[in-house]
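Chains, contacts and geometry: an overview
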Amino acid sequence: MIIVNLDVMLAKNKMTSGELAEKIGITQANLSILKTGKAKAVRFSTLEAICKTLDCQPGDIIEYRGE
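Now for a look at the structure at hand.

**A word on helix 4 (residues 44-54)**
All of the buried residues along helix 4 are Thr46, Leu47, Ile50, Cys51 and Leu54. Seen along its axis, helix 4 keeps its buried residues to an arc of 135°; they face one direction. Opposite the buried face of helix 4, at more than 90 degrees from it, the exposed residues are Phe44, Glu48 and Lys52. In the core, the buried residues of helix 4 are packed alongside helix 1 (6-12), helix 2 (17-24), helix 3 (28-35), helix 5 (58-61) and strand 2 (62-64). Phi turns positive, to about 50°, at Asp55, one or two residues after helix 4.

**A look at the environment of Gly59**
With respect to the secondary-structure elements, Gly59 resides in helix 5. Classification of Gly59 as exposed rests on a relative accessible area of 54%. Expressed as a C-alpha distance, the spacing of Gly59 and Leu34, which sit 25 residues apart in the sequence, is 15 Å.

Parameters at a glance
- Residues numbered from 1 in each chain as written.
- Predicted model: local features only at pLDDT ≥ 70, side-chain atom pairs only at ≥ 80, totals over all residues.
- Heavy atoms only, no water.
- Buried < 20%, exposed > 50% of the residue type's maximum accessible area, 1.4 Å probe, protein only.
- Helix = DSSP H or I, 4+ residues; strand = E, 2+ residues; numbered from the N terminus.
- Arc of directions from axis to C-beta.
- Contact = heavy atoms within 4.5 Å.

In structure tokens, the structure reads:
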């Protein structure tokens, strides 16, 4: 199972999802889909922009947990 920890990273950076969406250039709706783990794919360019903005690594955002 893939877990998205975007809320945790947003809280650590004291940033709202709306602020992040604006800074990385995606809609709040698309960011919400990613945050809830309902996204079927994530572009590397989007992941890179998130990591750059939140000063983190991809593994801080996306995590694999075995069943």
